Amino acid sequence: MDFLLSDRQKTLREGIRGFAANVIRPQALSWDRNAGVPEPFLKQMVQMAAQMGGQLGVSLEPAVARAPDESGESGEKKKSSANLTALIGAEEMAWGDAGLLLCLPGPGLGGPPVRASGTPEQKERFFGIFKDMSETLAWGAYGLTEPGAGSDVAGIRASCRKEGGEWVINGRKCYITNGARAAWTVVFATIDPALGRAGHRAFVVEKGTPGFGVGRIEEKMGLRASETAELVFEECRVPEANLLGGEESYQSKEGFMTAMKTFDNTRPLVAAMAIGIGRAAYEYARDFVKERYLLSRSIPRYGAIAERLAKVGRQLEAARMVTWRAGWMADQGIPNAKEASMSKAIAGQAAIGACIEAIDICGAEGTIAHDHQLLEKWFRDIKVYDIFEGTGNIQRIVISKRVIEGLKGF
Amino acid sequence: MHRGEDLGRARGTMIDFAPTEEQQALQEAVRQFAKTMLAPRIRETEKLRGLAPEVQAAAIEMGLSLASIPESSGGPGFSFVTRVLLEEELAAGDPAATYGLAGPGAFALAIAELCDEARCKQFLAPFVEHPDRFGAVAWGEAKPVDSRGGFATTAKWIGNSFTLEGTKSYVVGASRAETLLVFAQVDDAADWNGVGAFVVPKHVHGISIERVTTLGLEAADVASVRLEHVRVPRASYLNEAKEWSHRLLRFFVKNALLVAARCTGLQRAAIEVTRDYVQTRTAFGKPIGHFQAVAFNISDRFIDLEASRAMVQRAAFLWDAVAAGQAEENEALLASARAIGFAQEAAMRAGNDAVQLHGGAGFMRDYPVEKYMRDAKQLQVCGMTTTQADQLASRIELGLPLEWSLLVPTAESQNVFV
Ligand SMILES: Cc1cc2nc3c(=O)[nH]c(=O)nc-3n(C[C@H](O)[C@H](O)[C@H](O)COP(=O)(O)OP(=O)(O)OC[C@H]3O[C@@H](n4cnc5c(N)ncnc54)[C@H](O)[C@@H]3O)c2cc1C
């Protein structure tokens, strides 16, 4: 057993923390107000990531969490700590600004399914555009959710049919992160809704494909720097070569399940981000209390506040331990679907709790927006962490199926 | 049980949640013991307020009674990580039984924190020689002193010995202990800093024991210890160590971390038996576990378990790292405080939900869950309370001085069982 960070992880954490405190946080509120991070700054981030030899990249890119069985990487034999390191970086980045983290160029949430299910040719083609982003920034996206199907993934209605050497897609996708700016989006559609998951197909739809358009850009409670778009498909024609994984991989149910497996890696990452936001709020309240209350006097009111702070601190620590363990399991090549869901479930709630309590502790001051006072923003940003990548209840369904015998679902 | 070569050594090369092979072997042995000897006898142990002779003999045979003794005093010298692993396993069999095992237990932990190596060896030698002996820590008192800080029980230097006078309460295992560590006021004027500790053989003249009935953890066999003109030699007096108050705080925190490990084991026992129950009990035509409200409840308790275990293990690891000069003590104190508060509350949730999900049957003594629920509440007032742990965590986080008298359990704050 070992719970000390490696020197490399410490350096990474300190590096991001310093940068986040000095450079990211002072701009976070303006990004939030202007609904986006200016491209020059994103380019700077990309450069930094390249300079750090991809090390920073690991933590900057939510998509980089790797499945241990990824081709070319013998995850099982060589014990790696890539997932854990990514978690440490993600927490720190989100501590700076979660909105920025979601804006960063790269394959984003589209990365994991392409990595897990793409053919070598597809990986080469779709990841190729991210190799050199010094001139043009590029994004990938993940399009699963529809107006009528969020949690109930099997209920998607976007249709696809094959015509000659092409697939024709019709339907709508909503709430797609970076959906408007993405160079390509992994889009899920069905050949026949009656087939359930067996009927699902995943396509990589490239920007500019005829019949593919962007609908509304959402106005959100928080994470306003991040773009959330509606995607519209009207007789959208996608070349056969963009069917993710190729035709054969859909012969069994496996094809779709492989794409879903990527959640095992992304859920702890999302959990780590939630913890980063929660910790930011916690530290804000802690420092507020330190400056304004005299806790050494045993006035009952102050004792109660100290206890509330402590409770927030321990919930976040609990979430971090569950999250790290899920990441560690991924690094060890141990199946971690249950633990990944646990991490997301506990972290979402712990971090929301932290933001709510922090405002309570600080009072009115905690709700005022200033460049260096981001508590109200964190409160707006955090809620979605218990919603996307599977709501809290959906995580509990995943866990339930793995702890209760014979349970198929609800 | 033998000490492995690299039992839980602090390393810092890569986060690693896996126990070493030696630790796994120990875990497995203790798991078997807990499953075959402790769990089936949970009601017998409750009635006896301790372990049946054959169970005790098996535990001693395994070396469990020496688990808390440092290597330099002739014990196995387990790392703290190993200790929490074993406590979880034992408690998963029967949380109460962890308080009934022979050996010095908390007495050894206190002695190891409060004394130098030579005296530690001297005080623990009888336990190494006679592994069937018990020790106890007589700390608590029922009422605070109005006029000053500190304990009502006094130790007066009269002639060439100390005379102890007063009543200590909430003492775990007092009636079977051979040796007690008694805390008493040596200097009234110094308030809490005037408290000293005395190693007292129980059979000296003037000690009487009164057992009390508790809500749960019956095997702890809690009692009050009355001391009337008890005379002990100077050599039994312990307040000469440097950083006395700090060492005391460390004892309480480490002891409470072991309680947190038991809370983790209790959760496991309660959740697993409940999970099995909801898979077989049917209502409205299906197993109740297939109803979402029930399944989610079980899932949440499994999340608690996962978090408790990792938090307790990390805190224990940090104590090992502090000993190896690889971590700051405040880190270990903070991680412990958080683990203690979390595991205690999680155990209470597990016990409560276990009874709830058994329905009326859960209220009956045919099932172990009502016992787990009572034990969980009792564990919340053992070692440290959640409130004390939270106060400790926030004082560290706010950079306030760690005044031990505000942080350790007393009649002025909240009493606990030690
Ligand atoms: C900012 C943001 C970014 C997003 N980015 C993306 C993206 O990039 N790509 C993408 O595909 N999607 C994305 N989403 C969509 C997101 O994944 C969905 O919102 C999420 O999966 C929940 O689906 P829903 O909104 O349809 O809620 P619903 O499924 O309608 O759920 C509503 C409520 O019902 C509960 N519920 C549903 N089913 C059950 C059940 N069986 N048992 C118990 N409770 C249940 C849920 O827990 C929830 O509380 C994003 C969403 C947001 C807000």
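Residues numbered from 1 in each chain as written. Chains lettered and ligands numbered in written order. Predicted model: local features only at pLDDT ≥ 70, side-chain atom pairs only at ≥ 80, totals over all residues. Heavy atoms only, no water.

Next up on the list: the site of the ligand. The environment of the ligand is made up of 17 residues, and the closest members are Tyr142(A), Thr145(A), Ser151(A), Tyr175(A) and Thr391(A). Nearby residues place the ligand at the junction of chains A and B. Contact between the ligand and Leu144(A): an oxygen atom at 2.9 Å from a main-chain N or O atom of the residue. Contact between the ligand and Thr145(A): a nitrogen atom at 2.7 Å from a side-chain N or O atom of the residue. Protein contact buries 68% of the 970 Å² of open area that the ligand shows by itself. Secondary structure elements with two or more residues in the shell around the ligand: strand E1 (140-143), strand E3 (166-177) and helix H12 (392-403) of chain A. With 3 residues, E3(A) is the single largest residue contributor to the shell around the ligand. (Near = heavy atom within 4 Å. Polar contact = N/O pair within 3.5 Å; in protein donor to acceptor, adjacent residues only side chain to side chain. Areas by Shrake-Rupley, 256 points an atom, 1.4 Å probe, with all protein chains shown as cover. Helix = DSSP H or I, 4+ residues; strand = E, 2+ residues; numbered from the N terminus.)

So, on to the domain arrangement of chain A. Often, the extent of an interface is quoted as the loss of accessible area on bringing the components together. According to the domain assignment, chain A contains domain 1 (7-64 + 78-130), domain 2 (140-251) and domain 3 (255-403). Summarising the inter-unit geometry, the C-alpha centres of domain 2 of chain A and domain 3 of chain A are found 30 Å apart. (Domains from an automatic or database assignment.)

Bringing the pairing of strand E7 (residues 223-232) of chain B into the picture now. Residues and elements named next belong to chain B. Of the pairings in the sheet, the one linking strand E3 (residues 161-171) to E7 comprises 7 bridges and is antiparallel in character. Counted as the bridge partner of Thr 163 is Arg 231 from E7. The sheet contact formed by strand E6 (residues 207-211) and E7 spans 5 bridges and is antiparallel. Across the sheet, the residue bridging to Ile 209 is Val 225, located in E7. (Pairing = 2+ DSSP bridges.)

Once that is clear, we can look at helix H6 (residues 120-128) of chain A. All names here are of chain A. What H6 keeps buried is the set Gln 122, Lys 123, Phe 126 and Phe 127. The buried residues of H6 all sit within an arc of 105 degrees when viewed along its axis, so they share a single face. Facing away from the buried side of H6 by over 90 degrees, the exposed positions are Pro 120 and Glu 124. Residues of H6 that are buried in the fold lie against helix H5 (111-117), strand E4 (184-190) and strand E5 (200-206). (Buried < 20%, exposed > 50% of the residue type's maximum accessible area, 1.4 Å probe, protein only. Arc of directions from axis to C-beta. Contact = heavy atoms within 4.5 Å.)

Quick look at the interface of chain A and chain B now. Listed as interface residues are 48 residues of chain A and, on the opposing side, 49 residues of chain B. Of the roughly 4,800 Å² buried between chain A and chain B on both sides combined, carbon and sulfur atoms contribute 65%. Its largest share of buried area at the contact with chain B, chain A owes to Met1(A), Phe3(A) and Arg314(A), together 20% of the area lost on that side. Linking chain A to chain B there are 8 salt bridges. The partner of Glu317(A) in a salt bridge is Arg338(B), with the nearest N and O atoms 3.9 Å apart. (Buried area = accessible area lost by both parts, 1.4 Å probe. Salt bridge = Lys/Arg side-chain N within 4 Å of Asp/Glu carboxyl O.)

Take the nonpolar core next. Note on soluble globular proteins: their nonpolar side chains tend to be buried together. Ranked by size, the top nonpolar core spans 228 residues in total, and within it Leu100(A), Ile111(B), Trp139(B), Leu181(B), Phe183(B) and Leu257(B) carry the most contacts. With 19 residues, the single largest contributor to this core is helix H7 (residues 244-280) of chain B. Setting aside residues no more than four positions away along its own chain, Ile111(B) makes contact with Cys120(B), Phe123(B), Leu124(B), Leu181(B), Val199(B) and Leu238(B). Residues Ala138(B), Val225(B), Val230(B) and Val232(B) belong to the second largest nonpolar core, which totals 22 residues. (Core = buried A, V, L, I, M, F, W, Y, C linked by side-chain atoms within 4.5 Å.)

Looking now at the packing of aromatic side chains. Residues and elements named next belong to chain B. Taken as a whole, this structure holds 29 aromatic pairs over all chains when the rule is applied. Between Trp 139 and Phe 151, the ring centres sit 5.0 Å apart and the planes meet at 85 degrees, which makes this aromatic pair edge-to-face. A residue pair is termed long-range when its members are at least 10 positions apart, and Trp 139 in the loop between strand E1 (135-138) and strand E2 (154-158) and Phe 151 in the loop between E1 and E2 qualify at 12 residues. Phe 151 matches Trp 139 in its accessibility class, with the two residues each being buried. Taking the centre distance of 5.0 Å and the plane angle of 50 degrees together, the rings of Phe 162 and Tyr 237 count as tilted. On the criterion of sequence distance, the pair formed by Phe 162 in strand E3 and Tyr 237 in the loop between E7 and H7 is long-range, its members being 75 residues apart. (Phe/Tyr/Trp six-rings, centres within 6.5 Å; stacked < 30°, edge-to-face > 60°.)

Before going further, it helps to examine H12(A). The terminal C-alpha atoms of H12(A) lie 17 Å apart, and with 12 residues this matches the ideal 16 Å at 1.5 Å per residue to within 8%. Along H12(A), the positions that sit buried rather than exposed are Gly392(A), Gln395(A), Arg396(A), Ile397(A), Val398(A), Ile399(A), Ser400(A) and Val403(A). (Expected span 1.5 Å × (residues − 1).)

So, on to the pairing of E2(B). Consecutive residues of a regular strand have side chains that alternate between opposite faces of the sheet. Residue and element names in this part refer to chain B. For E2 and E3, the ladder comprises 5 bridges, and the chain directions are antiparallel. Following the sheet pairing, Lys 156 is matched in E3 by Thr 163. Connecting E2 to the next strand, E3, in antiparallel fashion are 2 residues, including Gly 159 with a positive phi near 65 degrees.

Once that is clear, we can look at the domain arrangement of chain B. Residues and elements named next belong to chain B. With domains assigned, chain B is organised as domain 1 (7-103 + 120-132), domain 2 (136-236) and domain 3 (244-407). Spacing between the C-alpha centres of domain 1 and domain 2 amounts to 27 Å. Buried surface at the junction of domain 1 and domain 2, both sides included, amounts to about 1,000 Å², of which 62% is carbon and sulfur. The largest share of the area that domain 1 buries against domain 2 comes from Arg 49, Tyr 99 and Phe 123, three residues that together contribute 63% of it. Taken together, the connections running from domain 1 to domain 2 amount to 1 salt bridge. When the shortest N-O distance is used, the salt bridge between Arg 49 and Asp 221 registers 2.6 Å. Across the contact surface, domain 1 and domain 2 share 5 residue pairs in polar contact (both at pLDDT 80 or more). Tallied by class, residues from the side of domain 1 that touches domain 2 come to 6 nonpolar, 3 polar and 2 charged. (Nonpolar A, V, L, I, M, F, W, Y, C, P; charged D, E, K, R; others polar.)

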